[in-house]
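Close look at the chain arrangement
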Amino acid sequence: MKNLGTKTLETPRLLLRPFAAADAHAMFTNWASDPEVTRFLVWPPHGDESVSLAYCRELEAGYGDLTQYDWAIVLRELGEPIGSMGVVQRGEAAESVHIGYCIGRSWWHRGFTSEALKRVIQYLFEEVGVNRIDSRHDPRNPHSGQVMAKCGMVYEGTHRQSDRNNQGICDAAWYAILKEDYEKGRECP
């Protein structure tokens, strides 16, 4: 693995870029304050914009670390972030990464998350050189698993009561894609 950090990535409809403190208002308004968006996540909704600002500043300060991968998902036509995606765990020995993501409710079911995930998968395999990318979701949130499957990730199983989110202790459905699968064409259409 060759850690390259959070480079700006582009798709037809999206710009994936590092967060800046100036993104705090959009983060708070577009997704982080919404209890429906955070329902199955491991962090609670932001109570006020100062929480979003502190988080954006923390991310911004960490971008010098090339092992950090945290993107603002910016909808080009809107010009502001509508969600986030990042590597939430790394396994250097196995050259693996675990991806987490969320997107504002106004942009659900429009293909934005899978478009962003496809591009991040491409970057992590082709430029960073990871061997495995995985993610998990609460089975009560099947749309998240559908995003993973659409991007070529294979369902590996459900670990019963192995996780905790804003709903309490929960099952975790795991998906992954290996570099060899990706190279054979198992990517998002």
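Whatever comes next refers back to the structure up there.
Residues numbered from 1 in each chain as written. Predicted model: local features only at pLDDT ≥ 70, side-chain atom pairs only at ≥ 80, totals over all residues. Heavy atoms only, no water.

**Considering the packing of aromatic side chains**
- Scanning all chains against the criterion turns up six aromatic pairs.
- Ring centres 6.1 Å apart and planes at 35° place the aromatic pair Y69 and W71 in the tilted group.
- Every member of this aromatic cluster is reached through a ring pair, and the members are Y69, W71 and Y123. (Phe/Tyr/Trp six-rings, centres within 6.5 Å; stacked < 30°, edge-to-face > 60°.)

**Things to note about the pattern of salt bridges**
- Scanning the model with the defined rule gives eleven salt bridges in all.
- Between R13 and E115 there is a salt bridge; the shortest N-O distance is 2.7 Å. One end of the pair, R13, is in the loop between β1 (9–10) and β2 (14–17); the other, E115, is in helix α3 (residues 112–128), and 102 residues separate them in sequence.
- Judged by its relative accessible area of 33%, R13 falls in the partly exposed class.
- A residue is classified by how much of its surface remains accessible, and E115, at 16% relative accessible area, is buried.
- Note that E156 is salt-bridged to R132, the shortest N-O span being 2.7 Å. One end of the pair, E156, is in strand β7 (residues 154–165); the other, R132, is in strand β6 (residues 132–137), and 24 residues separate them in sequence.
- Ionic contacts of the salt-bridge type, sharing partners, join the residues R132, D134 and E156 into one network. (Salt bridge = Lys/Arg side-chain N within 4 Å of Asp/Glu carboxyl O. Helix = DSSP H or I, 4+ residues; strand = E, 2+ residues; numbered from the N terminus. Buried < 20%, exposed > 50% of the residue type's maximum accessible area, 1.4 Å probe, protein only.)

**Topic: helix α1 (residues 24–32)**
- Counting buried positions over the nine residues of α1 gives seven, a clear majority of the element.
- By the burial criterion, the buried members of α1 are A24, A26, M27, F28, N30, W31 and A32.
- Residues of α1 that are buried in the fold lie against α2 (49–62), β4 (80–91) and β5 (96–103). (Contact = heavy atoms within 4.5 Å.)

**What to know about the nonpolar core**
- With 34 residues, the main nonpolar core has M85, I99, L117, I121, L124, I133 and M153 as its most contacted residues.
- For this core, the elements supplying multiple residues, two or more each, are β2, β3 (70–75), β4, β5, α3, α4 (142–150) and β8 (168–178).
- Here this core takes nine residues from α3, the largest share from any one element.
- Those residues in contact with I133, other than ones at most four positions away along the chain, are V97, I99, I121, L124, F125, M153, Y175, A176 and I177.
- Counting 13 residues, the second-largest nonpolar core is a separate cluster that includes F19, Y63, A72 and C102. (Core = buried A, V, L, I, M, F, W, Y, C linked by side-chain atoms within 4.5 Å.)

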